[in-house]
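Given next are the chains, with one letter for each unit.
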Amino acid sequence: MNSLRRHLCSVQRFSCRVHHIALLRTACHNRTSSTGHAQDKPMVYVHQTGFTKPGLVPSLTPFGMKLMTYLRMVDIPYQYSETLKLGPKGKIPWITYRGQPMGDSGLIMEFLNEEFGVDLDSPLSEKERAISRAFIKMLEENTYWGIGYDRWQENYSHLGELFDVPSALQLFIFPTASRKVRQMLHAQGLGRHSTQEIHAIIQKDVWAASEFLGKKPYFMGEEPTAADPTVFGLFAEFLWTTPEHSHLYKLTNEQYPNIKDYCFRMKEQYWPDWDEVVGTKR
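This structure is a prediction, so every number in the text was calculated from the model and none was measured.

### Considerations on the packing of helix 2 (residues 62–73) against helix 7 (residues 227–241)
Taken N-terminus to C-terminus, the directions of helix 2 and helix 7 make an angle of 135°; their axes are 8 Å apart at the nearest point. In terms of their interaxial angle, helix 2 and helix 7 are classed as oblique. Of the two elements, helix 2 crosses helix 7, and the hand of that crossing is right-handed. In this structure, helix 2 uses P62, M65, K66, T69, Y70 and M73 to contact helix 7, whose residues at the interface are D228, P229, T230, F232, G233, L234, A236 and E237. Within the contact of helix 2 with helix 7, the residues separate by chemical class into eight nonpolar, three polar and three charged.

### Section: helix 5 (residues 167–188)
Here helix 5 contains 22 residues, and its C-alpha end-to-end distance of 30 Å stays within 8% of the 32 Å for a straight helix at 1.5 Å per residue. For helix 5, the principal kink sits at I173 and spans about 25°; a proline, P175, occurs within the next four residues. Listing the buried residues of helix 5 in full gives L169, F174, S178, V181 and L185. Positive backbone phi, at 120°, marks G189, one or two positions downstream of helix 5.

### Points about the packing of aromatic side chains
Summed over the entire model, instances satisfying the criterion amount to 16 aromatic pairs. Each ring, one from F212 and one from F219, has its centre 5.2 Å from the other, and the planes form 50°; the classification is tilted. On the basis of relative accessibility, which here comes to 1%, the residue F219 falls in the buried class. Seen from their ring centres, F232 and W240 are 6.4 Å apart, and the 65° between their planes marks the pair as edge-to-face. Both residues of the pair, F232 and W240, count as buried. Within the aromatic cluster, the residues linked to one another by ring pairs are F232, W240, F264, W271 and W274. Across from the ring centre of W271, 3.6 Å away, lies the NZ or CZ of R72, which sits over that ring.

### Quick look at empty space enclosed by the protein
Scanning the entire structure with this criterion turns up three cavities of 30 Å³ or more. For the largest cavity, the full set of lining residues is I147, D150, R151, N155, H158, L159, E161, L162, T241, T242 and P243.

### Remarks on helix 8 (residues 247–255)
For helix 8, the complete set of buried residues consists of H247, L248, Y249, L251, T252 and N253. Buried residues along helix 8 sit against helix 4 (126–154), helix 6 (195–213), helix 7 and helix 9 (257–270). Capping the start of helix 8, S246 holds a side-chain oxygen 3.1 Å from the backbone nitrogen of L248, two or three residues further along.

### Digging into the sheet that holds strand 3 (residues 94–97)
Strand order across the open sheet formed by four strands is 2-1-3-4, with mixed pairing between neighbours. Looking along the sheet, the strands with just one partner apiece sit at the ends: strand 2 (78–82) and strand 4 (100–103). On average, adjacent strands in this sheet sit at an angle of 25° to one another, irrespective of strand direction. Across four bridges, the pairing between strand 3 and strand 4 is antiparallel. Across the sheet, the residue bridging to T96 is P101, located in strand 4. Against the sheet, helix 2 contacts strand 1 (44–48), strand 2 and strand 3, and its axis sits at roughly 165° relative to strand 1. The sheet strands contacting helix 3 (residues 105–116) are strand 1, strand 3 and strand 4, and the helix crosses strand 4 at an angle near 125°.

### Considering the nonpolar core
Judged by nonpolar contacts, the single largest core of 71 residues is most densely connected at V44, Y70, F219, F232 and F235. If you tally residues by element for this core, the top one is helix 7, at nine residues. The contact partners of F219, leaving out residues within four places of it in the chain, are F135, A209, F212, L213, A227, D228, V231 and Y262.

### Section: the pattern of salt bridges
Following the criterion strictly, the structure yields nine salt bridges and no others. In this structure, E115 engages K41 in a salt bridge whose closest nitrogen and oxygen atoms are separated by 3.7 Å. Taken as a pair, E115 in helix 3 and K41 in the loop between helix 1 (2–29) and strand 1 lie far apart in primary sequence, 74 residues in all. Judged by its relative accessible area of 21%, E115 falls in the partly exposed class. K41 gets classed as partly exposed once you look at its relative accessible area, which sits at 27%. Here D119 makes a salt bridge to R129, at a shortest N to O gap of 3.1 Å. Of this pair, D119 sits in the loop between helix 3 and helix 4 while R129 sits in helix 4, and the two are 10 residues apart along the sequence. Exposure remark for D119: the relative accessible area of 39% places this residue in the partly exposed category. If you follow the salt bridges from partner to partner, you end up with K66, K137, E140 and E141 in one network.

Reading guide: rules and limits
- Residues numbered from 1 in each chain as written.
- Predicted model: local features only at pLDDT ≥ 70, side-chain atom pairs only at ≥ 80, totals over all residues.
- Heavy atoms only, no water.
- Axes fitted to C-alpha atoms, helices over the stretch in contact; angles between N-to-C directions.
- Helix = DSSP H or I, 4+ residues; strand = E, 2+ residues; numbered from the N terminus.
- Parallel < 35°, antiparallel > 145°, perpendicular 65-115°, else oblique.
- Left-handed = near helix turned anticlockwise from the far one by under 90°.
- Contact = heavy atoms within 4.5 Å.
- Nonpolar A, V, L, I, M, F, W, Y, C, P; charged D, E, K, R; others polar.
- Expected span 1.5 Å × (residues − 1).
- Bend = angle between axes of the 7 residues up to and from the residue.
- Buried < 20%, exposed > 50% of the residue type's maximum accessible area, 1.4 Å probe, protein only.
- Phe/Tyr/Trp six-rings, centres within 6.5 Å; stacked < 30°, edge-to-face > 60°.
- Lys NZ or Arg CZ within 6 Å of the ring centre and 35° of its normal.
- 1 Å grid on protein atoms, 1.4 Å probe; cavity = no way out; pocket = protein on both sides within 12 Å on 5 of 7 lines; lining within 4 Å.
- Points joined across faces, edges and corners; volume = space filled by probe spheres on them.
- Polar contact = N/O pair within 3.5 Å; in protein donor to acceptor, adjacent residues only side chain to side chain.
- Pairing = 2+ DSSP bridges.
- Core = buried A, V, L, I, M, F, W, Y, C linked by side-chain atoms within 4.5 Å.
- Salt bridge = Lys/Arg side-chain N within 4 Å of Asp/Glu carboxyl O.

This is the structure:
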């Protein structure tokens, strides 16, 4: 009975803290148009779960980083909202626009491109658009799962360094989530391999991205395009959420430093308030 009472008290305190954190993060994440071209449009409300430890990243999912970076790149005003509720496709992040929920970051971006009349890929030829599409899908459908394996399997003991969740709840949430991720990894295919094989698969993906990026300021060339939110969103997780002994950390910090330099450029250009945003995660 005492154990149950302590658990319920932890849940109650956590619920109060979630509400307080959500208010702080919403105030920090709110973005208004700097050019004024989108001021006649309704606000885009970005929803996702939070609970990130202070000083890391604005979102612990690459797709959250992708979506918010895209909104900043095209100067669409948005308001950040934390919720435990999943989107209409059972995923995060998701948005509400004109009162309608919408899921999947890629489909959201396509919709907003049309709604706001923007096209980050306008400088690209048809061949370059095809190359961009191929890299986006490689990173989102294959490389992404390397984060799931690294975070929820290989470095499971470091989860407490990422999530601002009371220890009493960690004992329930972390094992449950880890089992679910293991099942998803197996279904996707990456989880059927050995750790050594997984490292090799992800290394080849990062090598390909690094080779293509080269010394260009943006992933596709001299101008930012629709590939950049995905590339930055994914490798930001490699850089700033993995322990230093992690294979992912070593890939971006040591083996392919041009990706690290690229991430810092993107961060400086599109997240000038980065320290403020991640610093309020208390």
